[in-house]
Amino acid sequence: MTLIRELDYGTPIRVADSTVTLTIDGQSVTVPAGTSIMAAAATFGTQIPKLCATDSLEPFGSCRLCLVQVEGRAGYPASCTLPAGEGMVVHTENGEIAKRRRGVMELYISDHPLDCLTCSANGDCELQDMAGKVGLREVRYGYDGANHLAAAKDESNPYFTFEASKCIACSRCIRACEETQGTFALTMDGRGFASKISAGGTDFMGSECVSCGACVQACPTATLNEKSVIALGTPEHSVITTCAYCGVGCSFKAEMKGETVVRMVPYKDGKANAGHSCVKGRFAFGYATHKDRKTKPMIRAAITDPWQEVSWEQAIAHAASEFKRIQVTYGRDSVGGITSSRCTNEETYLVQKLVRGAFGNNNVDTCARVCHSPTGYGLSATLGTSAGTQDFASVDHSDVILVIGANPTDGHPVFASRMKRRLRAGAKLIVADPRRIDLVRSPHIQAQHHLPLLPGTNVALLNALSHVIVTEGLVAEDYVRERCDLQEFESWARFIAQDHNSPEASEALTGVPAAEVRAAARLFATGGNAAIYYGLGVTEHSQGTTTVMAMANLAMATGNVGKLGAGVNPLRGQNNVQGACDMGSFPHEMTGYRHVSDDATRETFESFWGVPLSADPGLRIPNMLDDAVEGTFKALYIQGEDIAQSDPDTQHVTAGLRAMECIVVQDIFLNETAKYAHVFLPGSSFLEKDGTFTNAERRINRVRRVMSPLGGLADWEATVALSNALGFPMSYAHPGEIMDEIARLTPSFAGVSYAKLDAEGSLQWPCNDAAPLGTPMMHVDRFVRGKGRFMLTEFVPTEERTGALFPLILTTGRILSQYNVGAQTRRTENSRWHEEDVLEIHPFDAESRGVLDGDLVALESRSGDIALRARISERMQPGVVYTTFHHAKTGANVITTDFSDWATNCPEYKVTAVQVRRTNRPSDWQARFFDEDVSLTRIAVPLDAAE
Ligand code: SF4
Ligand code: SF4
Ligand code: SF4
Ligand code: FES
């Protein structure tokens, strides 16, 4: 195994309709017009020395190391900024060029510390490489003149250092922050010799920097360097794998020393991220080896008993006998399982297979229930498939972008950077969000329209947008006539044209001025390729599914499905939420979204698995918990999900968990749900197993094992063992064999195999005989369901109402540094940015309650109350407050209600009527939480330790 080093062409590879042919060092080369001489030379292996150029950034031409000679031209132009010209004859090496390059390099080295041998970047430094490459052997100027060698070091960022003495002022970091990340945190202060990189006049930690790592990646010296590299030394080999955080699905090189991850480097050939990253995937991997990891299986008879460490065999045998006992006592349907969007496709597939094959029922559900289940239902009903329509690259072709109910700069940062690039290039932006999220106004970006709707009124707003399009004659009539069911369209058009759907009528509901809605609708319909990107601010509502349908209606009516730059695009929350849904995790569907009641589908699985399958849809998570409280549901196998923290109405969830007789939790940490568990199976992190994740683009990416499972077994191996103990045999030598089974049983995965994934890098389903290399864009010539189907989307207000007791609306979400319930990120240095959950509140609401910034406030709803600190923020609108749910001790979901989407039961996290008042103590629930945190997590001293 070796370190993977991608080829750096020096400047971006251009895409152009025409080509030019030139001669470089006697070799004829043809490249797309606009390609630089430097990149043209790199295409046939000639690496022209360079320092300020790298192919992820536009050429800058500052270092002058890359000079070349062009016949018939005077001087020595920089090859990074000079476009290849038809018929040019170029020389990249000769005596004069070499002399000039050595002269340039000499100046750099004369102001650089001479500590290469002890430098953390020794062997991985472009300056060092280039000094060797240009043949620099001596420095004539001496080192005692004016220099920067005593410049101060900035170590404020938890993950990287800035060692100014090593800076060569090449500006790659500044350009990476601007062009790649779009944050504009860095500048060059001063001029000439006094030039220095500045993080806005402060240190990195205090600056606008979001720790994406793009500058560290771009820096050709050790000036910006990972602290992990400084601590552990340069890595020795690398393995390509996939980030385990969000649904962007970034590819990384895990750079290793033995079984220790030294750093995660974004992989340039990764199709979802093209070499970019965010702070989570890039730096927040330390949780995988955190001291809180539980690596021994454990069992206990009652949740008030201390845990007893046991062998895997004992734990599996105990769990299996409990499930069998409970089924004999309470019936076949008294048990079930929950799959995880954090686990691989293969693991998820096995858990649902175990539930259906070993338990003999369809009581399997997944955490997508609480996030994107309305996406599946809504897009399937309208377009015919339960997934987003585009790949990420499509946004490069968008002219208008509607972002609704999503905060991509925090939730999906790498895609947000791509979107921001397109916006800086001129695409127009409409943001529909109760908060003034960063996208509304950030460096060089200004939304044309911010529609600050009240939480719970998405459908009314989307209906109003469509109303304008229909009543102002903006419908793409040819498209609709050709592609959509006309009868359904006409019925929808009559409905949407009714006065009650007009912007003027909706204004009272949404709070958005009618004129702004009209202008936004006109822009969407007439501005060119129009794309919709949305998140959980759409789905986590009582009308989540209706909202998804309303977006599909809007996209179809304007002809914006099935072409580049358009589409309806869910930004998936967790790394494998798409995959968990694809893999048959829902109680009514087998893999590939085929209903369990379909005889042909069932027969396919029955004959391959060798067991009869139930045709009755099973229980969803909320139904399982309700039935547990009722006393009819008794046991649950939960892989990689923490429903006690993540699901709404915590007190109801924990009541359900307490009522069960056997809960098996498989997780890397003893999570909140494990407090109510009887069997704990140590989980494995993404670094410890092979498999695949499927991202928001339907892209199947490989996850590769870089270290041994700390608990001894990868998650899929534990599921196999449990299934075997239950008497439903499973046998796989490697997850690749599980994927082969998935491909055999799932038409949309029929062409997927590990061999093809290794060869292609990734594949977007459907991938089968009709599309052997996958499908970047869906619904191109026709909708998957045939004709696009317009659905009537009547606005129905949520039953959760504000009033005198609970006058404010609480909405929840996540932030950049933390990930969902925080199980991973809380155990990393990311906590430096977000040590606790806080309540964002508008100054008006704060003042009328006497609340000052930083005050402890009680947040009360009909479900319960908690205490947390207030942060006064003009991002909020009056009447709406916001918090995150990363810290278990905060208990944000104690407040949320059990209202849910009418079609899918996706909880209504985004709308809770609350009151806020000052307090000086934790809530009763929080006090209990601290007690139970001790009493329900005790571990008995292991026998071997006692001896
Ligand atoms: S880490 Fe990212 S955001 Fe911070 S300065 Fe570097 S490029 Fe900019
Ligand atoms: S910090 Fe690195 S990338 Fe930035 S100017 Fe200095 S040497 Fe170049
Ligand atoms: S954008 Fe998402 S997938 Fe990419 S590095 Fe960040 S968390 Fe990981
Ligand atoms: S690499 Fe061309 S001028 Fe620096």
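One can find the structure itself at the top, above this paragraph.
Bear in mind the structure is a predicted one, so any value in this text is a computation, not a measurement.

Caption draft 1: Up close: the site of ligand 2. The local shell around ligand 2 holds 14 residues, among which Cys167, Cys170, Ser171, Cys173 and Cys219 are the closest. For the shell around ligand 2, the per-class residue count stands at ten nonpolar, three polar and one charged.

Caption draft 2: Focus on helix α16 (residues 503–510). Listed in full, the buried residues belonging to α16 are Pro503, Ser506 and Thr510. Angularly, the buried residues of α16 cover 60° about the axis, an arc narrow enough to put them on a single face. Of the surrounding elements, those touching the buried residues of α16 are α13 (458–471) and α17 (514–526). Phi turns positive one or two residues past the end of α16, at glycine 511, with a value near 80°.

Caption draft 3: Highlighting the sheet that holds strand β17 (residues 400–404). Spatial strand order, β21-β18-β17-β22-β23: five strands in an open sheet with parallel pairing. Two strands close off the open sheet at either side, each with one partner strand: β21 (449–451) and β23 (568–570). Ignoring strand direction, the axes of neighbouring strands in this sheet form an average angle of 15°. When strand β22 (residues 530–534) meets β23, the two strands line up parallel, connected through three bridges.

Caption draft 4: Focus on the pairing of strand β34 (residues 856–861). Of all six residues in β34, five are buried; the element is thus mostly enclosed. Summarising the sheet, β34 and strand β35 (residues 865–872) pair through five bridges and their orientation is antiparallel. For valine 857, the partnering residue across the bridge sits in β35 and is leucine 868. Counting the residues between successive antiparallel strands, the hairpin from β34 to β35 contains three residues. Pairing between β34 and strand β37 (residues 912–918): five bridges, direction antiparallel. Each residue of the ladder has a partner; that of glutamate 860, found in β37, is glutamine 915.

Caption draft 5: The pattern of salt bridges, seen in detail. Applying the stated rule across the entire model yields 50 salt bridges. Across the salt bridge formed by aspartate 758 and arginine 704, the nearest N and O atoms sit 2.7 Å from each other. Note that aspartate 758 is positioned in helix α27 (residues 754–760) and arginine 704 in the loop between β30 (699–703) and α25 (715–725), a separation of 54 residues in sequence. Here arginine 875 ties to glutamate 840 by a salt bridge, and the two come within 3.2 Å at their closest N and O atoms. Of this pair, arginine 875 sits in the loop between β35 and β36 (880–883) while glutamate 840 sits in strand β33 (residues 838–841), and the two are 35 residues apart along the sequence.

Caption draft 6: Layout of the site of ligand 1. Around ligand 1, the neighbouring residues are Phe160, Cys177, Leu186, Phe204, Cys209, Val210, Ser211, Cys212, Gly213, Ala214 and Cys215. Within the shell around ligand 1, the residues separate by chemical class into nine nonpolar, two polar and no charged.

Caption draft 7: Broad picture of the side chain of threonine 35. As for its position among the elements, threonine 35 is in the loop between β2 (27–32) and α1 (37–43). Looking at threonine 35, its side chain comes within polar contact range of the main-chain oxygen of proline 32, at 2.7 Å. The contacts of threonine 35, once residues within four sequence positions are left out, are Arg14, Ala40, Leu82, Pro83 and Ala84.

Caption draft 8: Structural view of the pairing of strand β26 (residues 635–639). In terms of residue burial, β26 counts as a mostly covered element, since five of its five residues are buried. Side chains of β26 alternate between two faces, with Ala635, Tyr637 and Gln639 and Leu636 and Ile638 buried alike. Examined bridge by bridge, strand β15 (residues 335–339) and β26 share four bridges and lie parallel to one another. The partner of glycine 336 across the bridge, within β26, is leucine 636. Relative to strand β27 (residues 662–667), β26 runs parallel, the two sharing five bridges. Pairing of alanine 635 across the sheet is with cysteine 662, part of β27.

Caption draft 9: Region of the structure containing the sheet that holds β30. Overall, antiparallel pairing links the three strands, which are arranged β29-β30-β31 in an open sheet. Strand pairing shows two members of the sheet lacking a second neighbour, β29 (691–694) and β31 (762–764), which therefore form its edges. Shown here is a sheet whose adjacent strand axes are inclined to one another by a mean of 30°, direction ignored. Note: β30 against β31, three bridges, orientation antiparallel. Paired with arginine 699 across the bridge in β31 is glutamine 764. Sheet strands in contact with helix α9 (residues 345–359) are β29 and β30, and its direction is about 95° off that of β29.

Caption draft 10: Examining the packing of helix α10 (residues 373–382) against helix α19 (residues 544–557) more closely. Where α10 meets α19, the axes come as close as 8 Å, and the angle between the chain directions of the two elements is 40°. In terms of their interaxial angle, α10 and α19 are classed as oblique. The hand of the α10/α19 crossing is right-handed. Residues Pro374, Thr375, Tyr377, Gly378, Leu379, Ala381 and Thr382 of α10 touch α19, and the partners they reach there are Gly544, Thr545, Val548, Met549, Ala552, Asn553 and Met556. The residue inventory of the contact of α10 with α19, partitioned by class, reads eight nonpolar, six polar and no charged.

Caption draft 11: Seen up close, the environment of asparagine 695. Relative to the assigned elements, asparagine 695 resides in the loop between β29 and β30. Apart from residues no more than four positions distant in its own chain, asparagine 695 is found in contact with Gly247, Val248, Gly249, Ala272, Phe392, Asn575 and Gln578.

Caption draft 12: Spotlight on the environment of aspartate 853. Along the chain, aspartate 853 turns up in the loop between α28 (843–848) and β34. Of the residues examined, aspartate 853 reaches a relative accessible area of 52% and is grouped as exposed. Measuring from C-alpha to C-alpha, the distance between aspartate 853 and serine 873 comes to 8.9 Å, with 20 residues separating the pair along the chain. For aspartate 853, the contacting residues outside a window of four places in its chain are Ala870, Arg871 and Ile872. Here isoleucine 872 takes part through its backbone nitrogen, which lies 2.7 Å from a polar atom of the side chain of aspartate 853.

Caption draft 13: Broad picture of the packing of helix α4 (residues 172–181) against helix α12 (residues 413–424). At their nearest, the axes of α4 and α12 sit 8 Å apart, and the two run at 90° to each other. It follows from the interaxial angle that α4 and α12 lie roughly perpendicular. From α4, Glu178, Glu179, Thr180 and Gln181 reach across to α12, where they touch Ser417, Lys420, Arg421 and Arg424. Classifying every residue of the contact of α4 with α12 by side-chain character gives no nonpolar, three polar and five charged.

Caption draft 14: The arrangement of α25 in detail. Those residues of α25 not exposed but buried are Asp715, Trp716, Ala718, Thr719, Val720, Leu722 and Ser723. Where α25 is buried, its residues contact α8 (312–330), α9, β26, β27, β28 (679–682) and α26 (735–745). Looking one or two residues past α25, glycine 727 carries a phi angle of roughly 90°, positive in sign.

The rules we used
- Residues numbered from 1 in each chain as written.
- Chains lettered and ligands numbered in written order.
- Predicted model: local features only at pLDDT ≥ 70, side-chain atom pairs only at ≥ 80, totals over all residues.
- Heavy atoms only, no water.
- Near = heavy atom within 4 Å.
- Nonpolar A, V, L, I, M, F, W, Y, C, P; charged D, E, K, R; others polar.
- Buried < 20%, exposed > 50% of the residue type's maximum accessible area, 1.4 Å probe, protein only.
- Helix = DSSP H or I, 4+ residues; strand = E, 2+ residues; numbered from the N terminus.
- Arc of directions from axis to C-beta.
- Contact = heavy atoms within 4.5 Å.
- Pairing = 2+ DSSP bridges.
- Axes fitted to C-alpha atoms, helices over the stretch in contact; angles between N-to-C directions.
- Salt bridge = Lys/Arg side-chain N within 4 Å of Asp/Glu carboxyl O.
- Polar contact = N/O pair within 3.5 Å; in protein donor to acceptor, adjacent residues only side chain to side chain.
- Parallel < 35°, antiparallel > 145°, perpendicular 65-115°, else oblique.
- Left-handed = near helix turned anticlockwise from the far one by under 90°.

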